[in-house]
Number of protein chains: 2
Amino acid sequence: MEDLDPLFKPKSIAVIGASRNREKVGNVITRNLLSSFRGKIYPVNNKAESVEGLTAYKSVKDIKDDVDLGIISVPREAAVEVMEELGEKGVKASIVITAGFREVGGEGVKLEEELIHTALKYSIRFLGPNTMGLVSPEYNGTFAFADMRRGNIALVVQSGGIGAYMLDWAHKSRTGISYLVTMGNQADVKEYEVIQYLSEDPETKAIFAYVEGISDGEKFLEVMPESTKKKPVVFIKGGITSKGAKAAMSHTGSLAGSFDVFKAAVKTTGGILIEDFRDFLNLTKLVESSEPLKPEILVVTNSGGHGVLTSDAIERNNMTMITLPSRIEEELKKILPPTSSVRNPLDLTGDAGKDRYTEALKLVSDLDCTKVVIAESLPFLSTVEVAKAVLPFKGKGIVGVFMGGDEEFSSRIMESADIPCFNFPEDAVKSIRYLTSRVPPRKKIRISQPMESALELVKDKEFLKDYESMKLMEIYGIRTPKWSIVEDVDSAEKEADRIGYPLVMKISADSPVHKTEMKGVYMNVEKEQVKQIYQTLSKITKRVMLQEQLNGMEVFVGGIKDPVFGHTVVVGSGGIYVEVLKNVSYGICPVDEDEALDILKESKVYDMLNARKRGYDSGSVIRTITSVSRMMLDLNIKEMDINPLIVNEKGAFAVDVRLILK
Amino acid sequence: MEDLDPLFKPKSIAVIGASRNREKVGNVITRNLLSSFRGKIYPVNNKAESVEGLTAYKSVKDIKDDVDLGIISVPREAAVEVMEELGEKGVKASIVITAGFREVGGEGVKLEEELIHTALKYSIRFLGPNTMGLVSPEYNGTFAFADMRRGNIALVVQSGGIGAYMLDWAHKSRTGISYLVTMGNQADVKEYEVIQYLSEDPETKAIFAYVEGISDGEKFLEVMPESTKKKPVVFIKGGITSKGAKAAMSHTGSLAGSFDVFKAAVKTTGGILIEDFRDFLNLTKLVESSEPLKPEILVVTNSGGHGVLTSDAIERNNMTMITLPSRIEEELKKILPPTSSVRNPLDLTGDAGKDRYTEALKLVSDLDCTKVVIAESLPFLSTVEVAKAVLPFKGKGIVGVFMGGDEEFSSRIMESADIPCFNFPEDAVKSIRYLTSRVPPRKKIRISQPMESALELVKDKEFLKDYESMKLMEIYGIRTPKWSIVEDVDSAEKEADRIGYPLVMKISADSPVHKTEMKGVYMNVEKEQVKQIYQTLSKITKRVMLQEQLNGMEVFVGGIKDPVFGHTVVVGSGGIYVEVLKNVSYGICPVDEDEALDILKESKVYDMLNARKRGYDSGSVIRTITSVSRMMLDLNIKEMDINPLIVNEKGAFAVDVRLILK
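Rules used in this analysis
Residues numbered from 1 in each chain as written. Chains lettered and ligands numbered in written order. Predicted model: local features only at pLDDT ≥ 70, side-chain atom pairs only at ≥ 80, totals over all residues. Heavy atoms only, no water. Helix = DSSP H or I, 4+ residues; strand = E, 2+ residues; numbered from the N terminus. Contact = heavy atoms within 4.5 Å. Salt bridge = Lys/Arg side-chain N within 4 Å of Asp/Glu carboxyl O. Polar contact = N/O pair within 3.5 Å; in protein donor to acceptor, adjacent residues only side chain to side chain. Nonpolar A, V, L, I, M, F, W, Y, C, P; charged D, E, K, R; others polar. Axes fitted to C-alpha atoms, helices over the stretch in contact; angles between N-to-C directions. Parallel < 35°, antiparallel > 145°, perpendicular 65-115°, else oblique. Left-handed = near helix turned anticlockwise from the far one by under 90°. Least-squares fit on C-alpha atoms with pLDDT ≥ 70 in both.

- In the annotation of an unreviewed UniProt entry, chain A is listed under the name CoA-binding protein and assigned to Sulfuracidifex metallicus DSM 6482 = JCM 9184.

Okay, structure coming up:
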């Protein structure tokens, strides 16, 4: 990571393309540096003698002293040459503000490759091109006008517009920023490197990232668990829907990939994924503070209506309203007026003053839960008084909600004490949910160690025939119904007797086909029908599969190789409704038993297996999922699905398997 | 409705309990009236000579002139007597600010009844008790400090706290208010009356209501369709979850009822129901303006990232991103730089100035869609310039989103031109969805006109036996599988032969029981098993039902009598998964074919019936729903369910019916 130090912590900076014209980007950068950077600044301008009072240089090579970082803001045609000069000068880091590269296609793609090539030659690490730049605690290397409050939230964004917006928002909301890194085209420095670097930065308490695409899924999976262990890493993704993805692709040319798999990747590596931009911004308030927060909540309010809405929001977000211990209820009754309702939400009623808040909070402050303290400005109560009443309870799991009147000033009081504070109870509730619902990060160690028999089965094949797939299942310990392949009437009848009735008969093609649509599947076949059905089916394929007919729930277990995150398992309810219900969950391979259970629960299949206590064997499904996960990695499978996997009290059985290797 | 005129449009007001003490409610009300009301104000105070410079009266009866409205703010023990005096004086309207009635139980309940009784005696209509009061364009009859901007949004709230909050919010967000009515205990004037009254008020463009309970569901159903035809009526409900409902009940003592049924009632009567309070507030911006808005959207932006997030939000909200006609694409290409992407979202790129917005909007303004115009403040662009560029396109379906920098001032420019404007694209998108997804209101005309045969069947019964239910289905044209009731082995075998094999045999109890749990159901019964199964079942109940065994999808169609909205149908997927998937939809009776189709689609059952083009007969399900709706009303059924209704290509068949009459 030290190779990024000159980028993030330079001692001297050259601005190549520093302009005297105050409307030019190169000039704004110089001025931003002047007002933020304590090290040496060298403007490079091949025409001017000086820029903003600093001596200007014709070329970076004319600078006598060492230069750590070169910020490039020249026409795109000159960028490669400037990079070359940086290399010759021995500069080890660069920010390429200049645009017109890969994002515009054609000549731009070629120029970007030359840029990468040149930087590589001199071991220069660079941000961009097509970036708005970087803000660190030590310098503002962007062309955004930024009045910033120093703080501990780091922002990593794959969009200059979002970056500029967040700077403005941080200023207005008084959110303290440690770093803002706008990634640009990520020709060299990637988003996962920046996240990793910032996760080790002592000034940064949490990382908030707007991403449109992940440059390297494998690296992401490797780096993220370490980062999320150190501090919260929060994502919002642009381009989650097909239209959005299309827009994202035309915006940065990134591969948008599947949102569902991204979601699984963030979850499993311990990150937080947020869907709404405002929720994303709101969460900064919680992570800036150090209040210990839990998903069990007590609401204290002076407005009954807001108490009701807050309870609704807590339940909608699957968190718990605690029950007040009766001992505390009794104590509360002594200090509260008879009109107040002593339960959760605890309604101190509209005539509550500062003292009533103080007394109530004293009684509940040691309860092991988050206290959402709502204060509405009322004719005889300023929320400022409540804010002051709350301060002594810092560290007791307090989240304030101040509404109306002087909410702004009340918020400032809370902020100065590092207690999180919102203007809408729903915002507080959602933020608590996001922060407390993280799971411990899992490190994905991908091993391919196939058994000989499996290797033999797949060798040189593009896909497996149905009976080969069945054999592969058996190799991986996935149970199958009794089955047999027959190629004439006599063996059909003999094998049918062996398997038992009623049974299933279906065509056995050489390539994956849709058997049902080809009218190639017969269920409930009885002894006397075997001959005739064999004859019908053998007109489609000579080879026919006989299978034991099982009852149970149909489940879907599959795997795909995601273009970004690689091998991934997919689980959902099987059969005809999966497309309608869309209850499908994803897991990044390898998936262990614990995670398989999570996935099963998330997809609702777990509840379905256990509906009405019928006790279908979810353990077998979990084992099937982990086996599919291993198989995907072992054999580098491109795509497979077991559909249906029939699950009943006795176990889980792969009835139909489709498997594509290449 | 004219009987509410003295309440909403009084010419003279008496304040009973007007205090000289500026910290007392009665004093604040007097001052609020002084600064807002142009008619006569009469303070009533049995000790003082004058209040706030006005002559005070010992009793309302001492006032010589007519009094239209009496605002009561006296201790609760004196309230009934004051009401009596108002009656004697001939006052026809009152606002009872005083609290301590039904909401505190005990003596309060009795006092509230006396209050109602007294008002009724003199035909006085009154708001409250336990209300914060009322604000109209002509007077502020509350004890809230309110700096208000006159406008056309009416607020109706069943919580003083929410009312106070909304006044503050309206002030800060410069939202113009016509009325604010805080309902209090609704001892006399009910929320539906106020909504109805305001729907006829020419100064009110839309009504926003916070409700915790509906006082009279039948009246609501009667009144709302007329109101929603005239203007948008928007609801948010406190107490939607069990915890929230509990809190709501302790808050106002209202019957919270089922949220799902409330949702169905609002939808069918043409209202808008919002779940998040901030979304509720946001929607005011759209209804204040007159921009014609559609759910088909074009996004115009100078920030690619925000364009992406907005596209995501539009798809998540099930709206459409329009495709730009190629003719317009060609024109756009001429005016836009090569780096800009000419599609939807239309990214004018970060260097767009006012003129580029103007030129682009000129080209797209006549497209038949909503134009969401996003402008992010950037170093060389103020959003104020974009706001000015947008103004000439007023009336073309414009919604502005201004972010960063001088967003506040830009918003004011838009507001002054009555063009809606937001600070987050997601807010704009959600608001458009809420406003455009309303359905035309349906008037619910509830008729009970049962057939003789049906009446005979249910006469004096608390519930129906299974075979009686089957007969009732047939009377209402709902198909059943072939069935028969037998009470001995011989008829069992005979009837089984008549029905055909395989068949279903089940117990036939005298009361509704859970047959499966009693091991009282056998499927796939073949001829040779009939005798033995009959013998087994007859040990549980002598009477046994034989039924044709049908294949198909299991659907649930039922009905309940909701305590608030009365007869309601319930539709979902049947069988074992309904509890897991919770895909259940409700419809207020009577339900016609059109609405039944809506309900079927909402519950996803429609998609399931048509999955993989299997073409199960959804028409028959629709007819079953309308029949159940008629049956519920005709026979005043308390609760019934057909579970399963088996649906296949041939129709829908009621296989098992449970029906409770009382």
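## Remarks on the environment of Val135(B)
- Along the chain, the position of Val135(B) falls in strand β8 (residues 133-135).
- Dropping the residues within four chain positions of it, Val135(B) is found in contact with Asn140(B), Thr142(B), Met148(B), Ser178(B), Tyr179(B) and Leu180(B).

## What to know about the interface of chain A and chain B
- Taken together, the contact pairs 81 residues of chain A with 80 residues of chain B.
- Inspection of the region where chain A meets chain B yields six salt bridges.
- Asp427(A) is paired through a salt bridge with Arg278(B); the nearest N and O atoms lie 2.7 Å apart.
- Run the count over chain A and chain B and you get 16 residue pairs in polar contact (both at pLDDT 80 or more).
- Listed by contribution, the elements that provide at least two residues to the side of chain A that touches chain B are α5 (160-172), β13 (233-237), α8 (242-252), α10 (277-288), α11 (304-316), α16 (425-436), α21 (578-581) and α23 (605-609) of chain A.
- Residue composition of the side of chain A that touches chain B, grouped by class: 32 nonpolar, 22 polar and 27 charged.

## Examining the packing of helix α14 (residues 383-390) of chain A against helix α15 (residues 407-416) of chain A
All names here are of chain A.
- Axis separation between α14 and α15 bottoms out at 8 Å; the angle between their running directions is 15°. Comparing the axis directions of α14 and α15 gives the class roughly parallel. Both α14 and α15 take part in a crossing whose hand is right-handed. Only Glu407, Phe409, Ser410, Ile413 and Met414 of α15 make contact with α14, whose side of the interface consists of Thr383, Val384, Ala387, Lys388 and Val390.
- Classifying every residue of the contact of α14 with α15 by side-chain character gives six nonpolar, two polar and two charged.

## Brief notes about the relation of the copies chain A and chain B
- Rotating chain A by 180° about the axis while translating it 0.0 Å along that axis superimposes it on chain B, leaving an RMSD of 0.1 Å. Within this description, the copies of the chain are treated as partners about a two-fold rotation axis. By C-alpha distance to the rotation axis, the residue of chain A lying nearest is Leu581(A), at 4.3 Å.

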